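Descriptive analysis of the structure
What follows is each chain in one-letter form.
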Amino acid sequence: MHTIADDRLSGLGLSCAVDEIATQCARKLAANPAPWQHLDYLSIGVYSTDVITPEMVGALRDAKLAPAMHLLELNLVRPLGEQQEVVTAICRRAEALEAVCVEEDMGFWTWGKTRLEQHMLPAMLDEPTADIIVANLMELRRWVGVPVYAENPPIYCDLGDYDLLTFMERVAEDSGCGLVFDVGHFLGYCLISDREPEDYLRGWKGIRHVREFHVAGSTMRPDSAGPVWYDDHAAAISDYSFDVLALAQTQASRLLPITLEQEGATIARVSDHITCTTRRFFA
Amino acid sequence: MSDRYDELMTGLYTGAVPDWLPGAKRPVFLRESVRRRCELGSALRQNWPCTMFFGRCVLSEDFALSVFQHWPAYCRVATEITTGLYLGLKHAIHEAGTAPALWELFQYETLHVTTGSCAVEIPRLAKDRLTSAGLDGQEVYRFELRVPELWSRMKLYHAALAPACFVRDYEVVHGATYVARYRRNDRWLLDDVTDAFAQ
């Protein structure tokens with residue numbers, strides 16, 4: 001189902017916003033900070049209203065940073081026909097950016113006119129939602145003309161029938177689209193569903209659909225019903241997250257691209273993470 | 001046309017569990033509802049700390065609940081969270097039908113807000129009035145109460161988690177008050193320019 005053309009991303013990537021493209025490219029070109037020279041791509045968060053300029057695209061080419069486009073407002077859990085204006089705008093931006101792939105967390109990101117950000121709702125892990133997401137991924141791929149990947153979203157409460165990995169595999173199998181496996185989101189789901197992450201991940205056949213890994217900082221807070229994991233991109237990436245990522249890479253049987261999601265983190269922290277990720281996975 | 005996600009979102013922020021959710025998921029849903037409303041509450045506190053404290057002391061300990069109740073409806077018109085919260089808080093204040101102090105405190109704090117598109121409703125002075133006061137080119141608003149003092153006192157009470165009776169007993173001073181707003185880096189700063197209008 002997947003073709004070699006799906007694998008347009010490789011190596012180590014860093015997430016950023018559109019207005020940070022120039023800065024990240026300049027850092028790589030100057031190797032200042034030095035670890036930036038190890039970056040192969042940027043995972044760029046794009047809204048339908050963002051302006052993509054030829055200068056940005058030129059900078060990406062000069063720095064040899066492939067652009068992966070990470071959508072931030074499309075509701076994969078609702079029919080695309082109801083969001084045509086946004087879809088059209090996104091397609092224009094994917095073309096302008098020369099995106100090598102498009103990806104998004106499966107969920108509900110825009111309500112009415114409001115961009116929900118941290119108030120987003122993850123996809124309900126059930127049959128009706130899977131059907132809609134499958135149809136949307138296939139349609140979106142036809143529109144953008146590049147691989148489209150569905151990412152496991154942050155899940156703070158599980159209201160569905162499927163477990164996460166079964167749901168992801170179902171979506172990938174039926175759509176023919178690849179997956180982004182977010183380690184932090186996965187760990188958060190394991191906490192709230194009382195699963196041991198490594199046991200749960202081991203033997204997951206759906207790993208063959210994964211095309212990219214995301215790893216990010218997080219925080220844990222104690223709570224009366226058990227600790228709660230929170231997505232916190234600016235925080236340090238835990239050693240455990242890297243261990244689970246290593247297990248996932250082993251399960252995948254081939255070296256997949258890794259995106260460090262570190263928006264808001266200090267340059268020193270990002271530098272450290274680029275260095276240790278390069279040494280552990282790409283040396 | 002509403003779907004399950006509309007119902008989930010509305011339910012999460014009003015505390016109402018959708019009928020179709022299985023019983024076993026109900027406690028999980030309610031726990032998540034509290035978590036999310038606390039996130040909204042943090043945003044309210046960040047932008048309107050004195051307004052929320054004043055409302056809690058003067059109206060009800062559960063004043064924030066009424067804001068959360070209204071927020072879902074404003075997601076239809078607001079493009080980001082802060083603007084939706086502004087509209088929800090405005091609705092809650094009007095609904096409570098309270099004295100002007102809460103309203104003017106709310107509007108005064110809104111002048112500080114840097115995110116979203118919160119359109120204040122306090123009258124902004126026209127150019128000719130600014131010229132005669134020697135404040136050409138400035139952005140000046142007229143309040144009916146001595147709101148800088150009110151805000152300053154509520155900041156103190158809020159920081160000290162003062163008893164609600166302190167807030168209820170505070171005597172608001174009436175009198176036309178002119179406040180100029182200007183930008184410094186990424187912040188809004190406010191200046192009491194009432195003296196410029198003194199006869």
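Residues numbered from 1 in each chain as written. Chains lettered and ligands numbered in written order. Predicted model: local features only at pLDDT ≥ 70, side-chain atom pairs only at ≥ 80, totals over all residues. Heavy atoms only, no water.

Quick notes on empty space enclosed by the protein
The full count for this structure, using the stated rule, is two cavities of 30 Å³ or more. Considered as a void within the structure, the largest cavity measures approximately 100 Å³ in volume. Lining the largest cavity are 15 residues, with Pro-122, Ala-123, Cys-157, Asp-158 and Leu-159 of chain A sitting closest to its centre. Of all the elements in the fold, those that place two or more residues in the lining of the largest cavity are β8 (121–122) of chain A together with α1 (4–14) and α2 (26–47) of chain B. Roughly 30 Å³ of volume is contained in the second largest cavity. Those elements giving two or more residues to the lining of the second largest cavity turn out to be β4 (101–105), α4 (127–144) and β9 (148–151) of chain A. With three residues, the top contributor of residues to the lining of the second largest cavity is β4 of chain A. Of the residues contributing to the lining of the second largest cavity, the split by class is eight nonpolar, no polar and two charged. (1 Å grid on protein atoms, 1.4 Å probe; cavity = no way out; pocket = protein on both sides within 12 Å on 5 of 7 lines; lining within 4 Å. Points joined across faces, edges and corners; volume = space filled by probe spheres on them. Helix = DSSP H or I, 4+ residues; strand = E, 2+ residues; numbered from the N terminus. Nonpolar A, V, L, I, M, F, W, Y, C, P; charged D, E, K, R; others polar.)

What to know about helix α3 (residues 49–58) of chain B
Residues and elements named next belong to chain B. The buried fraction of α3 is high, at seven of 10 residues. Those residues of α3 not exposed but buried are Cys-50, Thr-51, Met-52, Phe-53, Phe-54, Gly-55 and Cys-57. Of the surrounding secondary structure, the elements contacted by the buried residues of α3 are α2, α4 (63–74), α5 (81–96), α6 (100–110), α8 (147–159) and α9 (164–169). (Buried < 20%, exposed > 50% of the residue type's maximum accessible area, 1.4 Å probe, protein only. Contact = heavy atoms within 4.5 Å.)

Notes on the pairing of strand β3 (residues 187–192) of chain B
Residue and element names in this part refer to chain B. As defined by bridge partners, strand β2 (residues 174–184) adjoins β3 across six bridges and the pair is classed as antiparallel. By the bridge assignment for β3, Val-179 is matched with Asp-192. A loop of two residues connects β2 with β3, the two strands running antiparallel in sequence, and Asn-185 in this loop sits at a positive phi of about 55 degrees. (Pairing = 2+ DSSP bridges.)

Observations concerning the nonpolar core
Within the largest apolar cluster, 140 residues are counted, with the highest numbers of intra-cluster contacts made by Phe-181 and Phe-186 of chain A. Phe-181 of chain A has contacts with Asn-152, Leu-165, Met-168, Phe-186, Leu-201, Trp-204, Val-210, Glu-212, Phe-213 and His-214 of chain A, leaving out every residue within four places of it along the chain. (Core = buried A, V, L, I, M, F, W, Y, C linked by side-chain atoms within 4.5 Å.)

Describing the sheet that holds strand β1 (residues 139–145) of chain B
Residues and elements named next belong to chain B. Strand order in this open sheet of three strands is β1-β2-β3, and the pairing throughout is antiparallel. A single partner strand is all that each edge strand has here, and the edge strands are β1 and β3. The sheet shows a mean angle of 30 degrees between the axes of neighbouring strands, direction not considered. The sheet strands contacting α6 are β1, β2 and β3, and the helix crosses β1 at an angle near 160 degrees. Each of β1, β2 and β3 touches α8; the most contacted strand, β2, lies at about 75 degrees to it. (Axes fitted to C-alpha atoms, helices over the stretch in contact; angles between N-to-C directions.)

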